[in-house]
Amino acid sequence: MRALGPYERLTRPAVLIGAALGLGARDPRCSRGPHQLLAGGLLAHLSVQGADVLWRVTLQPQLRRGKSRDSAIVDFCARLAREVSAVVGAGEFPIVLGGDHSCAIGTWSGAAKALSARGPLGLVWIDAHMDSHTPSTSPSGMRHGMPLAALLGHGADPELARAAQGPLAPQHLCLVGVRSYESEEAALLAELGVKIFPMTEIEERGIDAVLDDAVRIASTGTAGYGISIDLDALEPSDAPGVGTPVAGGIPPAGLIAALRSFSADHSLLALEVVEYNPHLDRGRKTAVIVEGILAAVLGAPAASARSPEELERSFGARNYDSLPVVLVRGRGAYLWDDHGRRYLDLMSAYSAVSHGHCHPRLVAALSRQAQTLAVTSRAYYNTRLPLFLERLCRLTGQDQALPTNTGLEAVETALKAARKWAYKVKGVPEDSAEIIACSGNFHGRSIAIVAMSTEPQYRDGFGPFPRGFKLVPFGDAKAFERAITASTAAFLVEPIQGEQGIIVPPRGYLAECERICRRHNVLLIADEVQTGLGRTGRLLACDHEGVKPDGLILGKALGGGLLPVSAFLARREVMGVFEPGDHGSTFGGNPLAAAVALEALDVLVEERLVERSAELGEILLSGLRAIDSPLVREVRGLGLFSGIEIDPAWASAREVVMRLLARGILSRDTHHTVVRVAPPLVINRTQIEWALKNIRSVLAEIERGFKRAA
């Protein structure tokens, strides 16, 4: 759709029709939806937003003695069709508010009838379900799952078919957001040629792009089109007031933002919003969403208090694909969203929150230092940095440390140190030093670092890249030794490749690489930004094999989950190549960061978080490996650092992550096939067991759905 100006809006009078129908639903209390929306001030709220609308009528079903429930639904839909037809025929814009989705038979039969002389009706059907059941294929037997089949003139029982009379042409119909259906429904719609945009496509392309394509199909060759929105298409944690929620839905803010672009489209002839159940709507969250949907389609100016998602999409670069949850506070292993829902954190910000969220000792250290002295730059000494450097070096067994902010900066520091050491100490000819890294590595995304990346996306469009890097297979010590030349300065390696999918090398690999480095006078530099400081059950992952690297890169957990703090540590001979002016950072080593990092190291030791990681990591990994599911190809990890590789023939890792999110668990997919499980080190056994129970349930749920659809 074209971009709209700030004041473009619907120019036709808008008319609301209540469809108080609950006879076809599993929970008939949705029939109270239209009344509750009206009583809750819907018209006033829309008017305040600049969208004036008239409430025409609220239709009620009429149950008569001797008549079946289906007959009552048919009678109701016939009356609704007459109302909608009259509104469309008068050149007005009808908005039908349900009620269960059975009312769609009336809404779209009426709209199609009003347009019959001008051409067919197109329809964009936004729903978690396909609503194309027949009485014989519906698991529940509920009529709210059958209206689309009836509108297409296929598969419905005679009564519903008579009410609908098949007014829709499948080539002008699109389903958007589908993620739960039966194989019979999918087969019917595929045979008819209905275009389906599943939720997975929305996740890949965004709701805006998908809706643009759907509207193009619905409006091409038609007299106009309508939009039917079943509220269960939305993410249920955001919209609880629906009868048949399905995890992993459309973020409401995203849908509302996308709908704004259709407000001035004269081809849009009607809107339907159904399945609002006020009895399930905690805090009127779903009612507010309905108001937002209507305001968007009516062209009301966007509210001044836009959602965090909207603001970030509008003003932020799209270099992250965030999960649809807005987090507002954290404590320990838990996080809460902007609607007050609690989540168990199995991500810990890629190990940056190993100490747990808002650890009281770290918050207190931050507050004390922030009120005293925060930033001075390294042009002067301060009292906090020396204590931090001493503690860090003594704890890791390294001679000296150079403080920086991010892991990327620490890696860049290591690269510079290795090259200068090669020229000044080893005697490598100037500008010819080589650094060997591993395929599948993730050391950051700077230009120099992506020069040694094997991930195509990290390199695409960012060349030319610096020279001097060589790649060998991860876990293959012999290949590493074959790659060494007289110009080799260092071997940069992650003890476990986290971003690649928690890839653990063969036992003894690091120790053998250390011996090779010693034989050839090559620096061994370990990138422990993610694995360091207790994540794998030892202070450093290198400790599992008794390896002491020449250079060590730390970050993430070093800041205690409060500030970005990182460091490059090395033996004195390596660090000694730096002279004043060779390298620096305005914020690196500032008093505030040093105070927090020093306290983070003390907490790590005094609260025995490393030992806790070893003990609870064994419980986590054994529990994951005990899961008997065809979806799981392999479980890999060490300590509280694990990954579940999902068989893509069954599901994507993103689907697992989204279903876990719906159950109150925050995780993340890596490379589309691995679910990352790396909780804060303060997690307890009860929380781990609860997480394992839900992971098992999600995998079983996907397996059942897959088998039903097969």
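Residues numbered from 1 in each chain as written. Predicted model: local features only at pLDDT ≥ 70, side-chain atom pairs only at ≥ 80, totals over all residues. Heavy atoms only, no water.

## Focus on the pattern of salt bridges
Overall, the coordinates contain 33 salt bridges when judged by the stated rule. Close ionic contact of D213 with R205 constitutes a salt bridge, the shortest N to O distance being 2.6 Å. The salt bridge involving K420 is made with D582; its shortest N-O contact spans 2.5 Å. With K420 in helix α16 (residues 407-426) and D582 in the loop between α21 (572-575) and α22 (591-606), this residue pair connects regions lying 162 residues apart in the sequence. Here D582 falls in the partly exposed class, since its relative accessible area comes to 27%. (Salt bridge = Lys/Arg side-chain N within 4 Å of Asp/Glu carboxyl O. Helix = DSSP H or I, 4+ residues; strand = E, 2+ residues; numbered from the N terminus. Buried < 20%, exposed > 50% of the residue type's maximum accessible area, 1.4 Å probe, protein only.)

## Concerning the sheet that holds strand β9 (residues 327-331)
Whether parallel or antiparallel, the strands of a sheet pair through hydrogen bonds between backbone atoms. The strand order β9-β10-β11-β21 describes an open sheet built from four strands, whose pairing is mixed. Where the open sheet ends on each side, the last strands, each with one partner, are β9 and β21 (665-666). Judged from the four bridges that link them, β9 and strand β10 (residues 334-337) form a sheet pairing that is antiparallel. Across the sheet, L327 pairs through a bridge with D337, a residue of β10. (Pairing = 2+ DSSP bridges.)

## Let's talk about the packing of aromatic side chains
Here a ring pair, both rings aromatic, is described through the centre-centre distance and the interplanar angle of the planes. Under the counting rule described, the total for this entry stands at five aromatic pairs. Aromatic pair W650 and F706: ring centres 4.6 Å apart, planes at 40 degrees, arrangement tilted. With W650 in the loop between β20 (642-646) and α24 (653-662) and F706 in helix α25 (residues 685-709), this pair connects stretches of sequence that are 56 residues apart. Note that K195 overlies the ring of F197, its terminal NZ or CZ placed 5.0 Å from the centroid. In this structure, R342 packs its charged tip against the face of Y334, placed 3.9 Å from the ring centre. (Phe/Tyr/Trp six-rings, centres within 6.5 Å; stacked < 30°, edge-to-face > 60°. Lys NZ or Arg CZ within 6 Å of the ring centre and 35° of its normal.)

## Focus: the packing of α24 against α25
Look at α24 against α25: their axes get within 10 Å of each other, and the N-to-C directions meet at 125 degrees. Relative to α25, the element α24 lies oblique. Judged by the sense of rotation from one axis to the other, the crossing of α24 with α25 is right-handed. Seen from α24, the contacting residues are E655, V656, R659 and L660; seen from α25, they are N694, I695, V698, L699, E701 and I702. Looking at the contact of α24 with α25 residue by residue, the class counts come to six nonpolar, one polar and three charged. (Axes fitted to C-alpha atoms, helices over the stretch in contact; angles between N-to-C directions. Parallel < 35°, antiparallel > 145°, perpendicular 65-115°, else oblique. Left-handed = near helix turned anticlockwise from the far one by under 90°. Contact = heavy atoms within 4.5 Å. Nonpolar A, V, L, I, M, F, W, Y, C, P; charged D, E, K, R; others polar.)

## Some words on the pairing of strand β1 (residues 14-19)
Remark: a regular strand shows side chains that alternate across the two faces of the sheet. Counting buried positions along β1 gives six out of six residues, so the element sits mostly inside the fold. Where β1 and strand β3 (residues 93-98) come together, six bridges link them in parallel fashion. Across the sheet, the residue bridging to A19 is G98, located in β3. One ladder, built from five bridges, connects β1 with strand β2 (residues 54-59); its direction is parallel. Within the sheet, the bridge partner assigned to A19 lies in β2 and is L59.

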